[in-house]
Each structure stands twice: as structure tokens, then as C-alpha cells.
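These are the residues of each chain, in order.
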Amino acid sequence: MLRAGSLAVIVLAPTGVTYEHQCEGLMTSTRTAEGFLVPVPSNDYDPEANEAFDTEGALLGFFHKEFRGNPPPFEEWRRSQVEGLARIVSRVPFWSTPAGSTPAELLHLTLDLDRVTEATEAWVPVKTPYGPGILVFQNCD
């Protein structure tokens, strides 16, 4: 389980390494994924507002406000909830470090709408520069 102030992405890949993470709010389930782990900053800087944005706080706040620690099955989510989660995920910074002479680039994650039915508190399917991943963070319990 991650501690407060920690966000990470499990990039799905055939590595032979499996990560296990507690998620799903107060229902407390454990999910696993094979891949490699990339720590990501829990804050982003918004140049337009000239201020920091607490992405981890926004994620925790979203799940608390919308579901009070009991996220329902995805089929019961409202469209506005999916859109709200997508906005927050789009604020999570993620560095792309391509091979060769291409320079590293600061990008942001996107909610993976092809796998969004897997979404719950502390387990959010995302798209990264390296392919599909799972954004993990501290579960509320």
C-alpha cells in the first residue's frame, strides 16, 4: 500500500513482476497487475493560474465527495463522475523518456476510456507514453 503523498503508475508490460494494491475504498479489495512501477509527482504546476495543483488531494477528494468511501460498480457512475475523474487524471504529470536522441518530455496521463470499467478508488486505468497503465494511490481506509 502506498503512503500519503505517493502516486504511482503500474505500466502494464510482460515483466514477470506483479504488483498488488489495496483499493476500492472501504470495501477494501486487492488487485494485481504485471508491469513496471513509475512513481509520479503528487503535485502539478498550473502556469495559467500560477499555482500548484495537488493531484493526489484532488483524487482523494473526488472519491470522498462522490462516493463517501464506497465506490459503486462502474455501471452506476454518472457521466459527470467519469468526466470529473478524467479531468483530474489529466493533471497527473508523467515524463516520457524515449530511446535515442529524442529528448525527454513532460506529458500528462489520460483516463483510459477503453478500460474505464475497472476504475475504483486507488485503481484508475490510464494511458501513458509507454502504453496502458494503472494509476494507484492511497486507499481511504
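Attention here is on the structure that accompanies the text.

Section: the sheet that holds strand β10 (residues 131–136)
In space, the 6 strands of this open sheet follow the order β2-β3-β1-β10-β9-β8, with antiparallel pairing throughout. Every interior strand has two partners, whereas the edge strands, β2 (18–23) and β8 (110–111), have only one. Note: β8 against strand β9 (residues 123–128), 2 bridges, orientation antiparallel. In the sheet register, Thr110 faces β9, and the bridge partner there is Lys127.

Looking at the pattern of salt bridges
Counted under the stated rule, the structure contains 4 salt bridges. Across the pair Glu66 and Arg78 runs a salt bridge whose closest N-O atoms are separated by 3.2 Å. Taken together, the positions of Glu66 in helix α1 (residues 55–67) and Arg78 in the loop between α1 and α2 (79–89) put the pair 12 residues apart, joining distant regions of the chain. Judged by its relative accessible area of 25%, Glu66 is partly exposed. In this structure, the salt-bridge partner of Arg115 is Asp112, at a minimum N-O distance of 2.7 Å. Comparing Arg115 with Asp112, the two get one shared label, buried. Look at the salt bridges and you will find they share partners, linking Asp112, Arg115 and Glu118 into a network.

Some remarks on the environment of Thr18
Position of Thr18 among the secondary structure elements: in strand β2. Apart from the residues within four sequence positions on either side, Thr18 is in contact with Thr32, Ala33 and Glu34.

A closer look at the packing of aromatic side chains
Tallied over the full model, the rule gives 10 aromatic pairs. For the ring pair Phe36 and Tyr130, a centre distance of 6.2 Å and an interplane angle of 65 degrees mean the geometry is edge-to-face. Of the two residues, Phe36 is situated in strand β3 (residues 29–40) and Tyr130 in the loop between β9 and β10; the sequence distance between them amounts to 94 residues. The class for Phe36 is partly exposed, based on a relative accessible area of 32%. Judged by centre distance (6.0 Å) and plane angle (85 degrees), the ring pair of Phe62 and Phe67 falls under edge-to-face. In this structure, Phe62 and Phe67 share a single accessibility class: buried. Chaining the aromatic ring pairs together yields one cluster made of Phe62, Phe63, Phe67, Phe74, Trp77 and Phe137.

Conventions we followed
Residues numbered from 1 in each chain as written. Predicted model: local features only at pLDDT ≥ 70, side-chain atom pairs only at ≥ 80, totals over all residues. Heavy atoms only, no water. Pairing = 2+ DSSP bridges. Helix = DSSP H or I, 4+ residues; strand = E, 2+ residues; numbered from the N terminus. Salt bridge = Lys/Arg side-chain N within 4 Å of Asp/Glu carboxyl O. Buried < 20%, exposed > 50% of the residue type's maximum accessible area, 1.4 Å probe, protein only. Contact = heavy atoms within 4.5 Å. Phe/Tyr/Trp six-rings, centres within 6.5 Å; stacked < 30°, edge-to-face > 60°.

Honestly, that's just the spatial picture; any functional story needs more than this.
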